[in-house]
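Given next are the chains, with one letter for each unit.
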Amino acid sequence: MDLKNINLMNDALFKAIMCHENSREMVVDFIHGVTRIKKEILKSGVFIGGEEIPKRRIFTKKQMTDFTVNIEKQAEDYYRDESKKRYKHL
């Protein structure tokens, strides 16, 4: 394959890399490096490609994401468990 012919700015290529199972560790490292969210939380997150962002106002244009990582439940569980470990002696 000739890499010179691949447009690295292509949204479809970006989504494919970010959402593919084989890229999971790389994506987790990248997101952790940028946000400092614990890797344990990110690893168990749900990776989704291309979702519509809910509108906040009627006149707002429709917006789409390239990919989303849903970690809400994983973060709640992680910090609940950490809190129990930290304060179990009380």
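Placed above this text is the structure.
Residues numbered from 1 in each chain as written. Predicted model: local features only at pLDDT ≥ 70, side-chain atom pairs only at ≥ 80, totals over all residues. Heavy atoms only, no water.

## Thoughts on the overall build of the chain
Short version of the rule: Working definition: helices are DSSP H or I runs of at least four residues, strands are E runs of at least two. Numbering for both runs from the N terminus. Burial classes: relative accessible area under 20% of the type maximum marks a residue as buried, over 50% as exposed, and values in between as partly exposed (1.4 Å probe, protein chains only). Residue burial considers only the protein chains on display, and all accessible areas are found by Shrake-Rupley using a 1.4 Å probe.
Helix and strand counts for the chain stand at 4 helices and 4 strands. Reading the helices (α) and strands (β) of the chain from amino to carboxyl end gives α-α-α-β-β-β-β-α. Residue burial in the chain is summarised as follows: out of 90 residues, 17% are buried. Carbon and sulfur atoms make up 54% of the accessible area of the chain, which amounts to about 7,900 Å² in all.

## So, the nonpolar core
Filter applied, for reference: Side-chain atoms within 4.5 Å link the members of a nonpolar core, which is a set of buried Ala, Val, Leu, Ile, Met, Phe, Trp, Tyr and Cys residues. Contacts are residue-level and defined by heavy atoms, with any inter-residue pair within 4.5 Å sufficient.
With 11 residues, the main nonpolar core is built from Met18, Val27, Val28, Ile31, Ile41, Leu42, Phe47, Phe67, Ile71, Ala75 and Tyr78. Within the residue set of this core, elements represented by two or more residues are α2 (24-35), α3 (39-43) and α4 (72-86). Here this core gets 3 residues from one element, more than from any other, and that element is α2. If sequence neighbours within four positions are ignored, Leu42 has contacts with Val28, Ile31, His32, Ile37, Phe47 and Ile71.

## A word on α2
Our working definition: Any helix carries an expected span of 1.5 Å times its number of residues minus one. Summarising the geometry, the arc corresponds to the directions from the helix axis toward the C-beta atoms.
Spanning 12 residues, α2 covers 16 Å between terminal C-alpha atoms, matching the ideal 16 Å at 1.5 Å per step. When α2 is considered as a whole, its buried residues turn out to be Val27, Val28 and Ile31. End-on view of α2: buried residues confined to an arc of 100 degrees, all on one side of the axis. Backbone geometry just after α2 places Arg36 at a positive phi near 65 degrees.

## Some details on the pattern of salt bridges
Operational definition: Put simply, a salt bridge is a Lys or Arg side-chain nitrogen that is within 4 Å of an Asp or Glu carboxyl oxygen.
Taken as a whole and assessed by the stated rule, the structure comprises 4 salt bridges. A salt bridge links Arg80 to Asp77, with the nearest nitrogen and oxygen atoms 3.0 Å apart. Linking Arg80 with Asp77, this pair stays in helix α4, spanning 3 residues, or about one helical turn. Overall, the relative accessible area of 24% leaves Asp77 in the partly exposed class. By sharing partners, the salt bridges in this structure join Lys73, Asp77 and Arg80 into a single network.

The values are spatial; any link to function lies outside them.
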